[in-house]
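# Breakdown of the fold
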Amino acid sequence: MDVTIQGSSQKFVFPAWINYLLPLVLILGAGGAVYVPSLVGYALNPTTLNVGYAPVQPVPFSHALHAGRLGMDCRYCHTTVESAGFAAIPPTQTCMNCHSTIHNDKVTLAPVRDSHATGKPMEWKKIHDLGDYSYFNHSAHINKGVGCVTCHGRVDTMDVVRQAKNLSMSWCIECHRNPEQHLRPRDQITNMTWDAQVDAGQPQLALGLDLKKKYGVHDAAYMTSCSRCHR
Amino acid sequence: MDKHAQEWLIPTPSRLKKQLRLRSMPWQMVSGIVLLVCLATVPLALVSRARSKTSTKPRVHLFQDMDNQPKYKTQSPSPIFADGRSMRPPVAGTVARGHLEGDDHYDRGFTMSKEGDAWSVSYFKGFPEQVVVDDALLQRGQERFLIYCSPCHGADGLGNGMVHVRATELKQASNGWTQPTDITTLGDREAGHLYNTIRNGIRTMPGYAAQIPTADRWAIVAYVRALQLSQNATLDDVPADKRDKIQ
C-alpha cells in the first residue's frame with residue numbers, strides 16, 4: 001500500500017482521476033446551483049401546491065350530476081354568492097328539498113338524513129382556502145361580470161370538486177390589471193360554456209372593454225392597491 | 001488550410017485526449033456521474049406527477065405565515081359548541097333587527113281573522129304597495145324562477161323540469177315524489193297564495209324562505225302571473241294590428 005505513514009519516507013501519489021475532480025466539482029456545482037433552486041421553485045409553486053385539491057366529502061355529492069345533468073343553477077345552492085363575500089355552502093334543508101323523497105332509501109344519502117334529523121350540520125371539507133390574512137369577496141366579482149367558470153373551472157363536469165386555479169396573489173393581480181379579458185354580461189355569470197365570440201358575437205376584448213365601462217369597473221391602480229385584499 | 005492546422009483547430013475529445021496525453025476517466029467516476037444525472041430527474045418527475053394529479057390532502061403550509069389564524073370565518077366549524085357551528089342560530093323566540101316581518105301583505109301574503117272560535121285565512125289578491133310591477137321586476141322574476149323553480153316545474157312552468165323527468169325515470173314516485181303542479185293552470189290563485197307557497201311550500205313542495213329573500217319572492221309571483229297569461233292568452237289579448245300575423 002502506498003499510503004503515507006507518519007515517519008515513513010514513502011510519498012503519497014495522487015491517483016490519476018484527481019485531475020478530473022476540480023472541473024467535475026465546478027461543473028456539478030454550477031449545475032446544482034441551477035438545479036436545486038429550480039426544483040424547489042417548481043415544488044413550492046402555488047400551482048403545484050394548490051391546484052388539484054379534491055378531498056373526500058362525507059357524501060359523494062356530484063356537481064356533474066346536479067349542476068351538469070340536472071342543469072341546476074349554482075345559485076340554487078350557493079345562494080349568497082351575489083350578495084355576500086362568502087359563497088354559502090347549502091344547509092342540509094336544501095338537499096332535503098328533493099332528497100326527502102328522491103333516493104330517500106339510499107345509503108349514500110344517510111349522512112344527509114341524519115343531519116336533517118339531528119340538526120347537526122354536514123361537515124363539508126373546505127377546498128378553496130386563501131390565507132386568512134387576505135380578503136376575498138364573491139359579490140364584488142359576480143356583480144361586475146366575472147363568471148364562476150373563470151375562477152373555478154368547469155365545476156359542472158366535476159364529480160368531485162377540485163381546485164382548478166392556484167389562487168395565488170399573482171393570479172389575482174393578473175386579472176385585476178386586465179379584467180376586460182374576463183368580463184361577461186351579468187346574466188351569464190353561472191353559464192359554464194359562455195363564450196364572447198359565440199354567444200355575444202363580439203371578440204372578448206371589445207366586449208370586455210364595453211362592459212368595464214358599463215359596470216364601472218375601477219382602474220388598475222385602485223384594483224392592485226394592497227389594501228383591497230389585505231385589509 | 002493544411003492538414004496539420006486542421007488537426008489542431010478541431011479538437012474532438014479523442015484527439016484532445018491523445019494530444020494532451022490525458023488518461024481516461026475511471027469507470028466508477030463515469031457511472032457515478034451518469035447515475036447522479038439520472039437520479040436528478042426523479043424529484044422533477046415526482047413533482048410533475050403531483051402537479052398533474054388530484055390530491056385528497058390539503059396543501060402543505062411549509063411556511064405558516066398566518067395562513068390559519070385562530071378566528072372564525074363564515075361557516076367555519078368550532079369545537080366549542082355541541083353542534084360544531086361557529087355561526088350561532090338565533091335564540092328561539094328572538095328576531096334579528098330588520099327581520100321582524102311585520103307587514104301581513106308584503107311579508108306573509110295573507111291575514112288571519114277570528115270569527116267566533118274559528119280562525120279564517122284570507123289571501124291578498126293583488127301585489128303589496130312596496131312592489132312595483134314593471135319590466136325590471138319581471139326580468140328579475142324570470143331569472144329567479146329559472147334558478148329556483150325550473151329544476152322541478154320546468155322553464156315553462158308546465159311541471160316537467162329535469163328533476164321531475166329524472167325522478168320519474170328512477171321510479172321515485174314510490175318514495176313519495178309527486179309531479180310538480182302545472183303552474184300555468186293556477187290563474188285563479190291569489191298573488192298572496194302564490195307568495196305563501198314560495199315562502200312556506202305546499203303539500204309535498206318544500207318552502208323556499210331560506211333561499212329566496214322577500215323581494216325576490218314577489219318578483220317570482222309577478223313572473224308566474226306572466227307565464228300564466230302567456231299560456232292562456234286568447235286572440236283578444238293580441239293587439240289588433242298584429243293579429244293577422246299569427247292567425
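Cut-off values and rules
- Residues numbered from 1 in each chain as written.
- Chains lettered and ligands numbered in written order.
- Predicted model: local features only at pLDDT ≥ 70, side-chain atom pairs only at ≥ 80, totals over all residues.
- Heavy atoms only, no water.
- Pairing = 2+ DSSP bridges.
- Helix = DSSP H or I, 4+ residues; strand = E, 2+ residues; numbered from the N terminus.
- Contact = heavy atoms within 4.5 Å.
- Polar contact = N/O pair within 3.5 Å; in protein donor to acceptor, adjacent residues only side chain to side chain.
- Salt bridge = Lys/Arg side-chain N within 4 Å of Asp/Glu carboxyl O.
- Nonpolar A, V, L, I, M, F, W, Y, C, P; charged D, E, K, R; others polar.
- Buried < 20%, exposed > 50% of the residue type's maximum accessible area, 1.4 Å probe, protein only.
- Arc of directions from axis to C-beta.
- Domains from an automatic or database assignment.
- 1 Å grid on protein atoms, 1.4 Å probe; cavity = no way out; pocket = protein on both sides within 12 Å on 5 of 7 lines; lining within 4 Å.
- Points joined across faces, edges and corners; volume = space filled by probe spheres on them.

### Digging into the pairing of strand E2 (residues 118-123) of chain B
A regular strand carries its side chains on alternate faces of the sheet. Residue and element names in this part refer to chain B. Inspection of the sheet shows strand E1 (residues 110-115) paired to E2 by 6 bridges, in the antiparallel sense. Each residue of the ladder has a partner; that of Glu115, found in E2, is Ala118. Hairpin geometry of E1 and E2 is characterised by an intervening segment of 2 residues between the two adjacent antiparallel strands and by a positive phi of about 65° at Gly116.

### Observations concerning the environment of B:His105
All names here are of chain B. Topologically, His105 is positioned in helix H4 (residues 104-108). Once the C-alpha coordinates of His105 and Phe124 are considered, the two residues, 19 residues apart in sequence, prove to be 6.6 Å apart. When near neighbours in sequence (up to four residues on either side) are disregarded, His105 contacts Phe124, Gly126, Phe127, Pro128 and Trp218. Here the side chain of His105 touches Gly126 through a polar contact of 3.0 Å, landing on its backbone oxygen.

### Description of the interface of chain A and chain B
Listed by partner, the interface residues are 51 residues for chain A and 54 residues for chain B. A salt bridge links B:Arg144 to A:Glu82, with the nearest nitrogen and oxygen atoms 2.9 Å apart. At the junction of chain A and chain B, the tally comes to 17 residue pairs in polar contact (both at pLDDT 80 or more). Those elements that provide at least two residues to the side of chain A that touches chain B are helix H1 (18-44), helix H2 (46-50), helix H4 (74-77) and helix H5 (92-99) of chain A. Per-element tally for the side of chain A that touches chain B: the top contributor is H1(A), with 9 residues. A breakdown of the residues in the side of chain A that touches chain B according to their chemical character gives 27 nonpolar, 14 polar and 10 charged.

### Some points on helix H9 (residues 169-177) of chain A
Residue and element names in this part refer to chain A. What H9 keeps buried is the set Ile173, Cys175 and His176. Down the axis of H9, the sector holding all buried residues measures 165°, keeping them to one side. Exposed and oriented more than 90 degrees from the buried face of H9 are Glu174 and Arg177. Against the buried residues of H9 lie helix H7 (138-142) and helix H12 (220-223).

### Remarks on the domain arrangement of chain A
Domain parsing of chain A yields domain 1 (2-44) and domain 2 (57-89 + 124-228). Measuring from the centre of the C-alpha atoms in domain 1 of chain A to the corresponding centre in domain 2 of chain A gives 54 Å.

### Some words on the side chain of A:Asp132
Within the secondary structure, A:Asp132 sits in the loop between helix H6 (110-118) and H7. A:Asp132 gets classed as buried once you look at its relative accessible area, which sits at 11%.

### Overview of the layout of surface pockets
Taking a probe equal in size to a water molecule and rolling it over the atoms shows the remaining empty space. Approximately 670 Å³ is the volume attributed to the second largest pocket. Together, 31 residues line the second largest pocket, and B:His153, B:Thr181, B:Thr197, B:Ile202 and B:Met205 are the ones closest to its centre. Broken down by secondary-structure element, the contributors of at least two residues to the lining of the second largest pocket are H5 of chain A together with helix H5 (135-148), helix H6 (150-153), helix H8 (191-200) and helix H9 (214-231) of chain B. With 4 residues, the single largest contributor to the lining of the second largest pocket is H8(B). Of the residues belonging to the lining of the second largest pocket, the class tally is 18 nonpolar, 11 polar and 2 charged.

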